[in-house]
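Survey of secondary and tertiary structure
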Amino acid sequence: MSQNTNTLSRSLHDVGLAAWFGGTLANATALNPAAAQADSPSGTGAVANVGWDRWTPVNAAAIAAHLIGSIGMLGSDAGRVAAQKGAMRTTMIKTGLTAAALGVTAYSRVLGKRVSAHTEVPAESGTEPSSGTPSDVAAAQRQLSLLQWAVPALTGALVVISAQAGEEQRPTTVLDGIAARIPGLHG
C-alpha cells in the first residue's frame, strides 16, 4: 500500500478511537451526573436519554472509522506482523480488546434503547434509577452504571496497545524482532 493509504488508515484508526474513547468517557463523567441537575426526575431521564441518543450516531461513525482504519493498517502491516517476533501477539491483544469494546458498546446500546424508549423516565441520574423508574428500565440503568466505565476502560486499553504497536514499528525494533526469529542470531 502507498504511504498515503497508510496515513489515511492510521488517521481513521486514531481519530475514530479517540472519539470512541473520549466521547464515551465524557458522557460517563459529565452527561450522566449532570442530568441529575434537571428540574424534575423525568427531566433527568430526558436529558440523559436525549444526550446519549445524540451521541449514538457520532459514536457509530467513530467506531466505523476506527475499524476501517484498523483493517487498512493490518493490511499494510501484515508482512511485518508475520515476520517480527512479538508483533502477532500485540495484534491479537488489540483484536481481542477491539472485539470486547465492540461487544460492550453494542450491549450498552441495547440497554440504552430500553431506557430511552421512555424518554422522560424518572431517574436520579443518567444511570441511577429513582423510586418511580419502571423496573425494566431500572434494571437496564443499573447495568449501564457499570458498562459506562467498561467502554472507556477497554478503548483506553486500545489506546495503550496501539502505542505499543507503534513502538514495534520503529526500524530498530523491527530489525531486532525479525532477527529474533532467525535461529542462532540471538541467544
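A brief report on the enclosed structure follows. Every value quoted in this text rests on a predicted model; they were computed, and no experiment measured them.

1. A closer look at the packing of helix H3 (residues 87–116) against helix H4 (residues 135–168)
- Two numbers describe how H3 lies on H4: the axes approach to 8 Å, and their chain directions differ by 155°. Taken together, the axis directions place H3 and H4 in an arrangement best described as roughly antiparallel. Relative to H4, H3 is oriented so that their crossing is left-handed.
- Partitioning the contact of H3 with H4 into residue classes produces 20 nonpolar, ten polar and four charged.

2. Quick look at the nonpolar core
- Core analysis: the biggest nonpolar cluster contains 17 residues, and Trp20, Val115 and Leu158 have the highest contact counts within it.
- Secondary-structure elements contributing two or more residues to this core are helix H1 (3–34), H3 and H4.
- Leave out the neighbours within four places in its chain, and Leu158 touches Leu17, Trp20, His66, Lys94, Leu97, Thr98 and Ala101.

3. A word on the side chain of Asn49
- In this structure, Asn49 sits in helix H2 (residues 41–83).
- At 3.0 Å, the side chain of Asn49 and the backbone oxygen of Thr119 are in polar contact.
- Apart from residues lying up to four places away in sequence, Asn49 is in contact with Val115, Ser116, His118, Thr119 and Val121.

4. Considering the environment of Ala123
- Mapping Ala123 onto the fold places it in strand E1 (residues 123–125).
- A relative accessible area of 3% places Ala123 in the buried class.
- Separated by 88 residues in sequence, Ala123 and Ala35 place their C-alpha atoms 9.0 Å apart.
- Sequence-distant contacts of Ala123, defined by excluding residues within four places in its chain, comprise Pro41, Thr44, Gly45, Glu128, Pro129, Ser130, Thr133 and Gln141.

Criteria and cut-off values
- Residues numbered from 1 in each chain as written.
- Predicted model: local features only at pLDDT ≥ 70, side-chain atom pairs only at ≥ 80, totals over all residues.
- Heavy atoms only, no water.
- Axes fitted to C-alpha atoms, helices over the stretch in contact; angles between N-to-C directions.
- Helix = DSSP H or I, 4+ residues; strand = E, 2+ residues; numbered from the N terminus.
- Parallel < 35°, antiparallel > 145°, perpendicular 65-115°, else oblique.
- Left-handed = near helix turned anticlockwise from the far one by under 90°.
- Nonpolar A, V, L, I, M, F, W, Y, C, P; charged D, E, K, R; others polar.
- Core = buried A, V, L, I, M, F, W, Y, C linked by side-chain atoms within 4.5 Å.
- Buried < 20%, exposed > 50% of the residue type's maximum accessible area, 1.4 Å probe, protein only.
- Contact = heavy atoms within 4.5 Å.
- Polar contact = N/O pair within 3.5 Å; in protein donor to acceptor, adjacent residues only side chain to side chain.

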